[in-house]
Number of protein chains: 2
Amino acid sequence: MKTLQLTSSDRAILVRSRFFARLPHSTVDAILEGATLSSHEEHDVLFRQGDSIDDVFFVLSGLVRLYRLGKEGREADVAVFPKGEMFAENAMFLGHRVTASAEAAEASIILRLDSRKLRQLAAADPEVAQAIIEHLCHRGKMTEDLLAEDRLLTAPQRVASYILSHCPNGSTSFSFRLPFQKNVLAGKLGLAPEALSRAFSTLRQSGVTVKGRMIEIRDRQALERF
Amino acid sequence: MKTLQLTSSDRAILVRSRFFARLPHSTVDAILEGATLSSHEEHDVLFRQGDSIDDVFFVLSGLVRLYRLGKEGREADVAVFPKGEMFAENAMFLGHRVTASAEAAEASIILRLDSRKLRQLAAADPEVAQAIIEHLCHRGKMTEDLLAEDRLLTAPQRVASYILSHCPNGSTSFSFRLPFQKNVLAGKLGLAPEALSRAFSTLRQSGVTVKGRMIEIRDRQALERF
DNA sequence: GCGGCTACTTGACCTCGGTCAAACAACTGC
DNA sequence: GCAGTTGTTTGACCGAGGTCAAGTAGCCGC
């Protein structure tokens, strides 16, 4: 972990993110006051379940995994945040105790905002409050999606659903590059890495080709039917 | 479904609920303006996944199940709301399209608030915005809890965890009455009713006695170890 | 090229929990 | 009381996916 300066490309990420995009520059500046920047290696732990934290986190680059701990060191991912996502805002309104752990899933640059300041701003500026509300709604929906998929879909169906969510709708055949290691994808989908691998090979018969991180889809309908 | 008048005991439930408790009476009145009340039988559907709705719902009595639909009529509960809980606030900020269905899990009385009005109030009154934010944080944590339990715990462990969440901490032995049918509990825990039944009988060896809706615990530690 | 590392895949095995069917219990209306 | 309905339990079966172990592939430094 290493402290850094906010570069102009960092700022560009910020102001294009879902949360900050809707806010005027002056408000963004106010939120950023006192923010600190740090860079992390893969597997660096940002905070641990049960910690008391006074920050809200923002991913400027890289990837962060948010997970809960179970018996005997088991871990279950509850969310994965790519560049441009904000997290741990929950703690700000729930007594600052965090209900999950977070670690960098690859080398990452993280911005830490002062949660007390953000909270004050939310109380003073309805626009900020509105942005937080929409952010929370969005997060809630994401988690609900994961829960519903866990309960309704088999492993190959979940993988198909993930692939389809990356498909520009309309096109019947397309390809894309996984934005992270299969390892991480497995965790996000609630699968063991082996199960993800098997799911991919099941989907081969529906026109899915996997080579390294590249995914190629030949027949969209076949995937949807799955 | 039948339209009703708001009684004084309904109001008592409202002002004691997590969401309304923090707000001054005048604000509560403003939110309630234009609200409608209805009573529903078990299995009455309040709205369906994909519907466009302009209401926020509040359970005055009874129980509501929120669920997603899967292939071939399968259903997966994503939340269960007892008396005093508010739901479908998500839709208000996500284009009014609702991402799940809701139905009464027992005879219920439901209050429908005008979501446009609530949203306006949130924009005008930071106190309202604050209340919504805390409500969303709480809901987010609930969903995250469910997801993590699904991924980390076996059926008996989830049931044990549910029982413990109803145990006044400190006491080693206690008993309580299930607040709803085992059917509903099974859904909430992401289990088939048969699996719930089997989980209970597994827990017998750890000092749990089940008779109808009454649950009796003889040894708290044993449950925690499970 | 080579060795060594890490990511990923494959196979064998086994456990958890879903499903179907049947028995049983509790509650309803009569 | 009785019959009919509905909620719950139990048994038998099986399929999805976790785990462990052994491979394979890609990649880095040399």
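Please read these numbers as outputs of a predicted model, since none were measured by experiment. (Residues numbered from 1 in each chain as written. Chains lettered and ligands numbered in written order. Predicted model: local features only at pLDDT ≥ 70, side-chain atom pairs only at ≥ 80, totals over all residues. Heavy atoms only, no water.)

1. Description of the packing of helix 6 (residues 126-152) of chain A against helix 6 (residues 126-152) of chain B
Next, step 1: Contact geometry of helix 6 of chain A with helix 6 of chain B gives a least axis separation of 9 Å together with a crossing angle of 20°. Comparing the axis directions of helix 6 of chain A and helix 6 of chain B gives the class roughly parallel. Along this stretch, helix 6 of chain A crosses helix 6 of chain B, giving a crossing that reads as left-handed. Together, Ala129, Ile132, Ile133, Leu136, Cys137, Arg139, Thr143, Glu144, Leu146, Leu147, Asp150 and Arg151 of chain A of helix 6 of chain A and Ala129, Ile132, Ile133, Leu136, Cys137, Arg139, Thr143, Glu144, Leu146, Leu147, Asp150 and Arg151 of chain B of helix 6 of chain B make up the contact between the two elements. (Axes fitted to C-alpha atoms, helices over the stretch in contact; angles between N-to-C directions. Helix = DSSP H or I, 4+ residues; strand = E, 2+ residues; numbered from the N terminus. Parallel < 35°, antiparallel > 145°, perpendicular 65-115°, else oblique. Left-handed = near helix turned anticlockwise from the far one by under 90°. Contact = heavy atoms within 4.5 Å.)

2. Some points on the relation of the copies chain B and chain A
Next, step 1: In screw terms, the move from chain B to chain A is a rotation of 180° and a rise of 0.0 Å along the axis, fitting with an RMSD of 0.0 Å. On the angle and the small slide along the axis, the relation comes out as a two-fold axis.
Next, step 2: Both copies present the same face, since 100% of the interface residues in chain B are matched by interface residues at the equivalent positions in chain A. (Least-squares fit on C-alpha atoms with pLDDT ≥ 70 in both.)

3. Some details on the state of the cysteines
Next, step 1: Tallying each qualifying case throughout the model produces zero disulfides over all chains.
Next, step 2: Left without a disulfide partner, cysteine 137 of chain A is nearest to the cysteine sulfur of cysteine 137 of chain B, which lies 10 Å away.
Next, step 3: With relative accessibility at 0%, the residue cysteine 137 of chain A sits in the buried group. (Disulfide = S-S within 2.5 Å. Buried < 20%, exposed > 50% of the residue type's maximum accessible area, 1.4 Å probe, protein only.)

4. With respect to the UniProt feature "domain: Cyclic nucleotide-binding" (unreviewed entry) in chain A
Next, step 1: When the UniProt feature table is mapped onto this chain numbering, "domain: Cyclic nucleotide-binding" (unreviewed entry) sits at residues 19-139 of chain A.
Next, step 2: Here residues 19-139 of chain A is 33% helix and 39% strand, with 11 Å between the C-alpha atoms at its ends. (UniProt positions renumbered as here; feature names shortened; annotations may be inferred.)

5. Some points on helix 7 (residues 155-164) of chain B
Next, step 1: Along helix 7 of chain B, nine of the ten residues are buried, which leaves the element largely enclosed by surrounding structure.
Next, step 2: Taken together, the buried positions of helix 7 of chain B are occupied by Ala155, Pro156, Gln157, Arg158, Val159, Ala160, Tyr162, Ile163 and Leu164 of chain B.

6. Re the protein's contact with DNA strand C
Next, step 1: Around DNA strand C, the surrounding shell holds 17 residues, and the nearest of these are Ser197 of chain A together with Arg74, Thr154, Ala155 and Arg198 of chain B.
Next, step 2: Each atom of DNA strand C within 4 Å of the protein was classed as base or backbone; sugar and phosphate made up 68%.
Next, step 3: Within the backbone of alanine 155 of chain B, one N or O atom sits 2.5 Å away from a phosphate oxygen of DNA strand C.
Next, step 4: One nitrogen or oxygen atom from the side chain of glutamate 194 of chain B is found 3.3 Å from a base nitrogen belonging to DNA strand C.
Next, step 5: Sorting the residues of the surface near DNA strand C by element identifies helix 8 (182-188) and helix 9 (193-203) of chain A together with helix 7 and helix 9 (193-204) of chain B as the ones contributing at least two each.
Next, step 6: Split into classes, the residues belonging to the surface near DNA strand C amount to five nonpolar, five polar and seven charged. (Near = heavy atom within 4 Å. Polar contact = N/O pair within 3.5 Å; in protein donor to acceptor, adjacent residues only side chain to side chain. Nonpolar A, V, L, I, M, F, W, Y, C, P; charged D, E, K, R; others polar.)

7. Quick notes on the interface of chain B and chain A
Next, step 1: Facing 44 residues of chain B, the contacting portion of chain A comprises 44 residues.
Next, step 2: Counting the surface lost from both chain B and chain A, the interface buries some 3,800 Å², and carbon and sulfur atoms represent 59% of this.
Next, step 3: Interface area lost by chain B to chain A is led by Glu144, Arg151 and Leu152 of chain B, which between them contribute 20%.
Next, step 4: Linking chain B with chain A are ten salt bridges, by the criterion used here.
Next, step 5: Note that aspartate 150 of chain B is salt-bridged to arginine 151 of chain A, the shortest N-O span being 2.8 Å.
Next, step 6: The tally of links between chain B and chain A comes to 18 residue pairs in polar contact (both at pLDDT 80 or more).
Next, step 7: Counting residues per element, the ones that place at least two in the side of chain B that touches chain A are strand 4 (55-69), strand 5 (75-82), helix 4 (89-93), helix 5 (115-124), helix 6, helix 8 (182-188) and helix 10 (220-225) of chain B.
Next, step 8: Here the residues of the side of chain B that touches chain A are counted per class, giving 20 nonpolar, eight polar and 16 charged. (Buried area = accessible area lost by both parts, 1.4 Å probe. Salt bridge = Lys/Arg side-chain N within 4 Å of Asp/Glu carboxyl O.)

8. Considerations on the pattern of salt bridges
Next, step 1: Evaluation of the coordinates by the stated rule reveals 36 salt bridges over all chains.
Next, step 2: Its salt-bridge partner being arginine 68 of chain A, residue aspartate 145 of chain B comes within 2.7 Å of it at the nearest N-O pair. In this pair, aspartate 145 of chain B is assigned in helix 6 and arginine 68 of chain A in strand 4 (residues 55-69), connecting two distinct chains.
Next, step 3: Looking at aspartate 145 of chain B, the relative accessible area reads 18%, which means it is buried.
Next, step 4: Between arginine 119 of chain A and glutamate 134 of chain B there is a salt bridge, with the nearest N and O atoms lying 3.6 Å from each other. In this pair, arginine 119 of chain A sits in helix 5 (residues 115-124) while glutamate 134 of chain B sits in helix 6, so the two residues belong to two different chains.
Next, step 5: Arginine 119 of chain A sits in the partly exposed class, given a relative accessible area of 30%.
Next, step 6: When its relative accessible area of 16% is taken as the criterion, glutamate 134 of chain B is described as buried.

9. Details of the domain arrangement of chain A
How big an interface is tends to be expressed through the accessible area that disappears when the partners come together.
All names here are of chain A.
Next, step 1: Per the domain assignment, the segments of chain A are domain 1 (2-135) and domain 2 (155-225).
Next, step 2: With six residues of domain 1 at the contact, the number on the domain 2 side is six residues.
Next, step 3: Between domain 1 and domain 2, the buried area comes to about 440 Å², and carbon and sulfur atoms account for 64% of it.
Next, step 4: Among the residues domain 1 hides against domain 2, the three largest losses belong to Leu63, Asp77 and Val80. Together they make up 65% of the total.
Next, step 5: For the interface between domain 1 and domain 2, the tally reads zero salt bridges.
Next, step 6: For the pair domain 1 and domain 2, the interface holds zero residue pairs in polar contact (both at pLDDT 80 or more).
Next, step 7: Taken together, the residues of the side of domain 1 that touches domain 2 sort by class into three nonpolar, no polar and three charged. (Domains from an automatic or database assignment.)

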